[in-house]
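Coordinate analysis (summary)
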Amino acid sequence: MTQNSHEPPEWKRELDSSIRSLDAMQRRFPAMVVTAAMRRAADLFPMSVTPYYAELVQRPEFDDPVFAQCVPDGRELQAPSWLSSDPLHEQNCSPAPFLVHRYPDRALIVATSACATYCRHCTRKRVSSTPDSEIPDSALDACAGYLRAHPGIDDVLISGGDPMLLDDERLDRILGRIRDVPSVKAIRIATRTLVNLPMRFTPEAVAMLRRHAPLFVNTHFNHPVEVTPQAVAAAARLVDVGIPVANQTVLLRGVNDSEAVVEALCRKLFHNRIRPYYLFQCDLVNGIEHLRTPLATGLRIMKHLRGRLSGMAIPNFAVDTPGPGGKIELLPDGILRADDKGTYLSNSRGDVIYYPDPEV
Ligand SMILES: *Cc1c(COP(=O)(O)O)cnc(C)c1O
Ligand code: SF4
């Protein structure tokens, strides 16, 4: 393909032709049924789907893993009392606008509220349902000031929304401003564009990101059908220049809540140099009750992965809890019990092994 400098890049054309209503989705998938409850859900939580991501839908029904992640579902209207709009209390942990500081050594910057495709299970539905907004330069300066005043923060996450929806020049400026803070060592970009807009990673964008190393990209594949040749090629462009790519999966009922699906996903990611990092329990956020699984499901899946997959391909299963609670890692039982001389362990086959402590 030849580059024509007068034409917008392919990823912008892709975004411009996104599917933004149930009626548009139905035109794309004539067999799709649209109900009144789905329309109410779409009014409450916006939809937007890139044509690229829509292409991964195999059947326009809610038991399709891609359809279920991007099409408003009447069940989003369920509102049991344990759900809220900000279950992690991020707004209480925000010492400066657009900045969340929940861990001593890490801070998160919400760079934009826009996403290429709005995930039905999004934790920040409260952000994605506001009109698209980008961090203004004045707020960026205030964030950089906060980072300078808190040199204990050495790891900054750029999140959103999806920061890769910003232009290269804008993102370059944001990254530069953060890089200028001497105490900041690692920068991580949290993006789902590898999954829903992989053409975003143009050679120019990758070269720009490379200039801000050490930089990491964390992405969000939930199902093996999302790991397409285009996505794999985009990840390879990053990894080839030394930008590690890690994956954070969210465990979703009917999408990936089985041993076989998570195992296939982790294998495929690992083989393509995308390191499985987290398997997240759904947050207690409004509009996602129908996608939540019991904690036991994740533990069962973790038990299945252990002993079958290399540790390199096994994510950490974690549940995020409000405010200072933070992420809590959950393990299928490895420790059975301890006595004063050692510990009884169990492996994935259920064998019991005694591990003695040193005598002195
Ligand atoms: C998840 C999160 C981080 C990063 O946590 P890691 O476990 O290091 O990936 C940082 N800040 C906030 C606010 C977070 O929610
Ligand atoms: S890409 Fe991330 S921030 Fe955007 S809707 Fe999906 S989960 Fe939410």
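Residues numbered from 1 in each chain as written. Chains lettered and ligands numbered in written order. Predicted model: local features only at pLDDT ≥ 70, side-chain atom pairs only at ≥ 80, totals over all residues. Heavy atoms only, no water.

A word on the site of ligand 1
Near ligand 1 you find Val100, Arg102, Tyr103, Arg106, Leu108, Leu157, Arg188, Tyr277, Tyr278 and Lys327, and these make up its full shell. One of the side-chain nitrogen or oxygen atoms of Arg188 is found 2.8 Å away from an oxygen atom of ligand 1. In the environment of ligand 1, an oxygen atom lies 3.2 Å from a nitrogen or oxygen atom belonging to the side chain of Lys327. When isolated, ligand 1 has an accessible area of 390 Å², and the protein chains bury 91% of it. Judged by the fraction of its atoms near the pocket grid, ligand 1 is located in the largest pocket. At three residues, the largest contribution of residues to the shell around ligand 1 is made by strand 1 (residues 99-103). Across the shell around ligand 1, the residue classes break down as six nonpolar, no polar and four charged. (Near = heavy atom within 4 Å. Polar contact = N/O pair within 3.5 Å; in protein donor to acceptor, adjacent residues only side chain to side chain. Areas by Shrake-Rupley, 256 points an atom, 1.4 Å probe, with all protein chains shown as cover. 1 Å grid on protein atoms, 1.4 Å probe; cavity = no way out; pocket = protein on both sides within 12 Å on 5 of 7 lines; lining within 4 Å. Sits in = over half its atoms within 2 Å of the grid points. Helix = DSSP H or I, 4+ residues; strand = E, 2+ residues; numbered from the N terminus. Nonpolar A, V, L, I, M, F, W, Y, C, P; charged D, E, K, R; others polar.)

A closer look at the sheet that holds strand 11 (residues 342-346)
Ordered in space as 10-11-12, the three strands form an open sheet in which the pairing is antiparallel. Of all the strands in the sheet, the pair left with one neighbour each is strand 10 (335-339) and strand 12 (352-356). Mean inter-strand twist for the sheet, computed between neighbouring axes without regard to direction, equals 20°. (Pairing = 2+ DSSP bridges. Axes fitted to C-alpha atoms, helices over the stretch in contact; angles between N-to-C directions.)

Quick look at the sheet that holds strand 2 (residues 106-110)
Overall, mixed pairing links the nine strands, which are arranged 1-2-3-4-5-6-7-8-9 in an open sheet. Strands at the two margins of the open sheet, each flanked by one partner only, are strand 1 and strand 9 (326-329). Neighbour to neighbour, the strand axes of the sheet diverge by 30° on average, direction disregarded. The sheet contacts of helix 12 (residues 259-271) involve strand 6 (245-250) and strand 7 (274-280), and relative to strand 7 the element is tilted by about 150°. Packed onto the sheet, helix 13 (residues 295-305) meets strand 7 and strand 8 (316-321) and runs at close to 160° relative to strand 8. (Contact = heavy atoms within 4.5 Å.)

Considering the pattern of salt bridges
Overall, the coordinates contain 23 salt bridges when judged by the stated rule. Between Asp63 and Arg59 there is a salt bridge, with the nearest N and O atoms lying 2.5 Å from each other. For Asp105, the salt bridge is made with Arg106, and the minimal N-O distance between the two is 2.8 Å. Overlapping salt bridges bring together Glu134, Asp137, Arg170 and Arg173 as one network. (Salt bridge = Lys/Arg side-chain N within 4 Å of Asp/Glu carboxyl O.)

Considerations on helix 13
Three- or four-residue spacings in an α-helix give side chains the same orientation, since the helix completes a turn every 3.6 residues. Listed as buried for helix 13 are Thr297, Gly298, Ile301, Met302, His304 and Leu305. Seen from one end, helix 13 has its buried residues packed into an arc of 160°, which puts them on one side. Against helix 12, strand 7 and strand 8 lie the buried residues of helix 13. Phi turns positive one or two residues past the end of helix 13, at Gly307, with a value near 90°. (Buried < 20%, exposed > 50% of the residue type's maximum accessible area, 1.4 Å probe, protein only. Arc of directions from axis to C-beta.)

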